[in-house]
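Listed below, chain by chain, are the residues.
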Amino acid sequence: MHLTIDGRVVDAVAGQTVLDAARAAGIYIPALCYHPKTGKAGRCRACVVEVDGLRGLKESCALPVKDGMVVHTATPKVMETRRMVVDLLLAEGHHNCISCQANSSCELQDMVYHLGVERPSFLIESEPTPQDLSSPGIMREADKCIHCGRCVEACQNGVVNEVLAFAYRGSHARVVCDDDLPMGDSTCVQCGECVQVCPVGALVLRQPREQKIRPHETTATRITCPYCGVGCQIDLHTRDNRYVFAMAHENQWERQPNKAMLCIKGRFGLDFVDSPDRLRTPLVRRDGELVEASWDEALDLVAERLKAAKEQHGADSIGFFTSAKVSNEENYALGRFARAVIGTNNIDHCARL
Amino acid sequence: MTNSMDEVLKAKVILVIGSNTTWNHPVFGSLLKQAVKHHGARLIVCDPRRIDLVDFADIWLQQRNGSDVALLSGLQHIILREGWEAADYIRERTEGFEEYRKALEFYTPEKVEELTGVKAADLEAAARLFATSGVGALYYCMGITQHSHGVDNVKACVNLALITGNIGVEGGGVNPLRGQNNVQGACDMGGLPNVFTGYQPVTNPTAVEKFSKYWNAPLSDKVGMTLTQMIPECGEKIHALYILGENPMVSDPNLHHVEEGLRKLDFLVVQDIFVTETALLADVVLPGVTFAEKLGTFSNTERRVQLSIPAIKPWGNVRQDYEIIADLAARFGHAFPRTPEGLFQEIRDLTPSYAGITYDRIREVGIQWPCPTEEHPGTRFLHAGKFARGLALLTPIAYRPPAEEPDVEYDLVLSTGRIYEHFHTGSMTRRSSILDAVVKTGHVELHPDEARKLGIASGDRVIVATRRGRIETTAMVTERVARGSIFVPFHFAEAAANTLTNDALDPIAKIPEFKVCAARLERVSSQGG
Ligand code: SF4
Ligand code: SF4
Ligand code: SF4
Ligand code: FES
C-alpha cells in the first residue's frame, strides 16, 4: 500500500505504524518513548502528526497505516506540540550535553536540534541528583531521565529481569531498581538491556566513559559472542584498533537469535581481547623454559616432532583437541590436518566438558 | 537443538531439566521467561538446585543429583498409565514401543519417589501438565549429559518427547543448549573421533572414499579416541598432542591425572591466545587470535551458521589460526586453503547440510542447517513429517545410580557448573575487568542446615575434599542448593573444582560425571578470627 507523507508517496505494509513507514522512507519523526523493541508507550507525544480527515494530533507510533493516508509531519500545530514536549523535558532535567556520554547519540538532542530550539523557554530550579556509580558496568543519572519508560518495559518484559520500575508520584516519579536501591546493590544482572534502549544519557556504559570515548568516535563491527551457544550478534565498538564497548546488533533484530539482547558476558566480558596477557609471539621450550621463538623455528619443530612420533609409534599415537571456541573453518582445517595429513581419527573437543 | 530458540514462544508447556538457563544461556533464558510471562506457557523445572527459573515455574521437581532417568521415566510411566500419550504419533513414527513400555513398569510413582526424593503427587501433576497442555518443548544442558549415565538421560528426554508427539513439531522438540559458542560447529565440522563433517561416519567406506579423494590422501577408517580417553593414554598409546584453544588443565575431571598425563607426553603443542595452565606444560606454544580478529562462521545452538567479521586487526607476532594450520600442512606437502572463504568452500563441497550456505547469504542474518541448496531457506526445526532413520526408536532404559554416592566419610553430594558472570576455564572472563570485579574467585554453595551443623557462615574459608583431591575456597550459604548437596563453579584454577571431580565416564559418550560425586566439607577459619 501507499501513503503520502509531507507530499511524498511512501510504500508501507499492513501492520506498520505511520512512524515505521516514515522512518523506513528516511523521513524524520522524533519518537522518545517508542522503541522497536519495547513498542509503543504513548507517553511522550514527541511523535505527533496530522492526518487528513482525522481530527487533532495523532501519535504516529501508535497509528496503523492505511492505504491512501495523507500525513503531515511538520504543521505549525505539530511543531508547537514538539516544542512544548522539548521545553518541558529540558526544564525538568539537567541536560548538560557538553559532558554527557550520550552526546551525539541522544534522541532528545536530535529532536532539539531538528526543532532548532536554541535554549529552553523556561527552567525549573532543582537540586542535582548524584550519579549512581554503584554498578561496575552501568552509570545512572536520574537528572537526564525523560521518563520514557523504555528501560522499565525492556527490563520487565524484554529480558524479564524485573528490576526496574517507576516509583513515586507526580513530579517525583523516578525509575528505581527494586525498592529504590543503588543499581549495584539491587538484583540487576547487568545485562545492559536498559542502556541499549535508553534514548538519552540517563543510562550509559561505564567502559567507554572511563576511556573518554563517545559513541560517535567508535567503529562498530558485527561479531558473534565468544561465550555460550546462543550466538548473540554483537556490535563490537572499537577505536584505534582497540575494544571500547559492546552493544547488541539491532539490524533485523527480530530475525537474529538474540533479538538484540545480551547478558553480562557478551555486554561486558570482551575486553580480554586487549589484555596485556595476550600471547604475542610463538614460544618453544629450551632447557626446560618456554622462550620466544620465530614462527619458522616453532613450526619446523612441530612438524619435525609430529613426523617423528608418527614414524616411531604410528599415526594413532598423535591426538588432536580441536576447539568449541574457534570458527567452523578452523575446526575443519584441523580436522583435515589430523585425518589427511597425519592419518588419525584421534580428534575431539570439549563438547562433553 | 531440534527446534529454534524463538519457537519457545509457541510452546504451550516447557520442561527444563539440568539447565540453569538464566545463568548459562541468559538470553535464551529471557525468551523462555517471555514465553511464560506473555504467552501463557506453563513451565516445569526439574533441578536439584533452586535455580532462578523456579520463580517462573508452575511446578518445580527437586530430584536428587543423578536421578534424572528415574524422574523422566516416572513421568512417562504416569503418562502411559493415564492414556495421555500421543497414540497416533507413536504408531506412525516410532518403533520399539512394547519393550519400552515394559521397561517403564518399574518406574511407579512410589519407586520414583524413593529414587529421586520427588513426591509422587508432584510427579503426577507434572506428568499431567506436560502431557495434556498442548505442544511441549524440552530443554536440557550439562545437568543431563555430564553423568556416568548421560546417554541414558538424553534417551529418557527423547522418549518423553516422542510419546507426547513433540518431535518434528513447531514449538516443541528436544533441545540441548550448547555450552560454548561453537560446540555445535566443532561437532558439525567433524571435531569428533567417529565422524567427518556433517556427521558422516569414518567407518562408512563411501564417506572415507569421498573424503580421501577430495583431500587426496589415504584415510583411517578406525574410530579414534575421545578427549577423555586420550588423557589417560598419554605416554602409553598417545605420544604427541596438539591442543587448539582448549584448557584441559582446568576443564577436565580429576586434574591431578590430567597433569600427570600431559607430563608423560613426548611432545605437546598448544595453540591459544593466552599462556593457559595447559600451555605452561607445552613444548611449543603457537599464538592464535581471538574471535574479534577473525573472519569466519560459527554455528549456534539452534544450528544457525553466522558470519563473524573481524573488528580488530591482530598485532604482534601472531597468526590467524587457519594460517597456522595451513603453514604446518605445507611442511607435510599438503596445500590447505589460505582464506576462511576457501575453507568454507571445501566445507560446502563435502557437507550436504552446509552446501547451500554462502558468506553472501549470511552477511546479515545466519541460516540454520540443513540447507542443501543456495535456494533453500534453511531449517527452523528438524524431523518434520519424517525422521532420518525412518522410525524413531523408543529405548528401554534401566535405572543406574551415579558412579559414586555419599557415604559416612564423604557425606555430601558435590556438583560442579558455571555461574552467570564467568565462563568455562575463566581464561577469557577472568581477564575482563568488569566480570573480574563482580566475581573475583571461586566459592562453594551449601545449604543453611549444613552450615549450622558444621558451624560455617558465609565468607568462611572451607576445605572441600573428595577421594581425588581437596581445595580451599569460600563458603556461600544459600537455599539455592538442596540439603546434603554442595555446588562449586569450575572457572577458577586456584580453587579448581576439577581437582575434586570424578573421571568416571559415560560408557558410550565418554562424558565425565561432573554433576555428582561424594564430598566432605571442613572449616578452615572464621573471617577475621
Ligand atoms: S542491566 Fe538488565 S537487569 Fe539491570 S536494570 Fe538494566 S535491564 Fe534490568
Ligand atoms: S532511564 Fe532512559 S530509558 Fe529509562 S525512563 Fe529514563 S530516559 Fe527512559
Ligand atoms: S551474550 Fe550471553 S547469552 Fe549471548 S551468546 Fe554471549 S554469553 Fe550467551
Ligand atoms: S514515541 Fe509516540 S508517544 Fe512517545
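Residues numbered from 1 in each chain as written. Chains lettered and ligands numbered in written order. Predicted model: local features only at pLDDT ≥ 70, side-chain atom pairs only at ≥ 80, totals over all residues. Heavy atoms only, no water.

Hey, could you go over the overall build of chain B for me, with residue numbers and the actual values?
Of the regular secondary structure elements, chain B holds 18 helices and 21 strands. The principal-axis extent of the C-alpha atoms belonging to chain B is close to 65 × 65 × 45 Å. Here the analysis covers contacts within chain B between residues at least 6 apart in sequence; of these, 69% occur between residues at least 24 apart. About 18300 Å² of surface is accessible on chain B, with carbon and sulfur atoms providing 51% of the total. (Helix = DSSP H or I, 4+ residues; strand = E, 2+ residues; numbered from the N terminus. Contact = heavy atoms within 4.5 Å. Areas by Shrake-Rupley, 256 points an atom, 1.4 Å probe, with all protein chains shown as cover.)

Describe helix 11 (residues 205-215) of chain B, listing the residues and the values that go with them.
For helix 11 of chain B, the complete set of buried residues consists of Ala207, Val208, Phe211 and Trp215 of chain B. One side of helix 11 of chain B carries all its buried residues, which in axial view fall inside an arc of 100 degrees. Away from the buried face of helix 11 of chain B by more than 90 degrees, exposed residues Pro205, Thr206, Glu209 and Lys213 of chain B are located. Where helix 11 of chain B is buried, its residues meet helix 9 (328-342) of chain A together with helix 16 (340-350) of chain B. The backbone nitrogen of threonine 206 of chain B lies 2.8 Å from a side-chain oxygen of the residue at the head of helix 11 of chain B, namely asparagine 204 of chain B. Downstream of helix 11 of chain B by a residue or two, asparagine 216 of chain B has a phi angle that is positive, lying close to 60 degrees. (Buried < 20%, exposed > 50% of the residue type's maximum accessible area, 1.4 Å probe, protein only. Arc of directions from axis to C-beta. Polar contact = N/O pair within 3.5 Å; in protein donor to acceptor, adjacent residues only side chain to side chain.)

If you had to explain the site of ligand 3 to someone new, which residues and values would you point to?
With respect to spatial proximity, the complete set of residues near ligand 3 consists of Cys225, Tyr227, Cys228, Val230, Gly231, Cys232, Leu262, Cys263, Lys265 and Gly266 of chain A together with Pro26 and Val27 of chain B. Bordering ligand 3 are residues originating from chains A and B. Those elements that provide at least two residues to the shell around ligand 3 are helix 7 (264-268) of chain A together with helix 2 (26-39) of chain B. Of the residues belonging to the shell around ligand 3, the class tally is nine nonpolar, two polar and one charged. (Near = heavy atom within 4 Å. Nonpolar A, V, L, I, M, F, W, Y, C, P; charged D, E, K, R; others polar.)

For the packing of aromatic side chains, give the residues involved together with the corresponding values.
Counted according to the given criterion, the structure contains 18 aromatic pairs over all chains. Aromatic side chains phenylalanine 320 of chain A and phenylalanine 337 of chain A sit 5.9 Å apart centroid to centroid with 75 degrees between the ring planes, which places their arrangement in the edge-to-face category. Taken together, the residues phenylalanine 320 of chain A in strand 15 (residues 318-321) and phenylalanine 337 of chain A in helix 9 connect sequence positions 17 residues apart. In terms of burial, phenylalanine 320 of chain A and phenylalanine 337 of chain A fall into one category: buried. Seen in terms of ring centroids, phenylalanine 196 of chain B and tryptophan 215 of chain B are 6.2 Å apart; in terms of plane orientation they differ by 75 degrees. Their pairing is edge-to-face. Pair noted here: phenylalanine 196 of chain B is in the loop between helix 10 (183-188) and helix 11 and tryptophan 215 of chain B is in helix 11, with a separation of 19 residues, a long-range link. Residue classification places tryptophan 215 of chain B among the buried positions, given a relative accessible area of 4%. An aromatic cluster is built from Tyr227 and Phe272 of chain A together with Phe274, Phe291 and Phe423 of chain B, whose rings are joined through pairwise contacts. We note arginine 280 of chain A situated over the ring of tryptophan 315 of chain B; from NZ or CZ to the ring centre the distance is 3.5 Å. (Phe/Tyr/Trp six-rings, centres within 6.5 Å; stacked < 30°, edge-to-face > 60°. Lys NZ or Arg CZ within 6 Å of the ring centre and 35° of its normal.)

Outline the domain arrangement of chain B, listing residues and values.
The accessible area lost on association of the parts is a frequent measure of interface size. Residues and elements named next belong to chain B. Per the domain assignment, the segments making up chain B are domain 1 (5-177), domain 2 (183-368) and domain 3 (412-525). The straight-line distance from the C-alpha centre of domain 2 to that of domain 3 is 30 Å. Opposite the 14 residues of domain 2 that make contact, domain 3 presents 17 residues. Where domain 2 meets domain 3, there are zero salt bridges. Here domain 2 is connected to domain 3 by zero residue pairs in polar contact (both at pLDDT 80 or more). Mapped onto the side of domain 2 that touches domain 3, the elements with two or more residues apiece are helix 12 (227-233), helix 13 (248-251) and helix 14 (255-264). At three residues, helix 14 tops the list of elements feeding residues into the side of domain 2 that touches domain 3. Residues belonging to the side of domain 2 that touches domain 3 are distributed by class as follows: four nonpolar, eight polar and two charged. (Domains from an automatic or database assignment. Salt bridge = Lys/Arg side-chain N within 4 Å of Asp/Glu carboxyl O.)

Before we move on, could you go through the interface of chain B and chain A and cite the residues and values that matter?
Contacts between the two partners involve 156 residues from chain B and, on the opposite side, 111 residues from chain A. Between chain B and chain A, a total of about 11700 Å² is buried, with carbon and sulfur atoms accounting for 61% of that surface. The largest per-residue losses of area from chain B upon contact with chain A belong to Phe291, Arg331 and Phe332 of chain B, which jointly make up 7% of the total buried on that side. Remark: the boundary between chain B and chain A carries nine salt bridges. Put simply, glutamate 330 of chain A and lysine 294 of chain B hold a salt bridge, and the shortest N to O gap is 3.0 Å. Here chain B is connected to chain A by 75 residue pairs in polar contact (both at pLDDT 80 or more). (Buried area = accessible area lost by both parts, 1.4 Å probe.)

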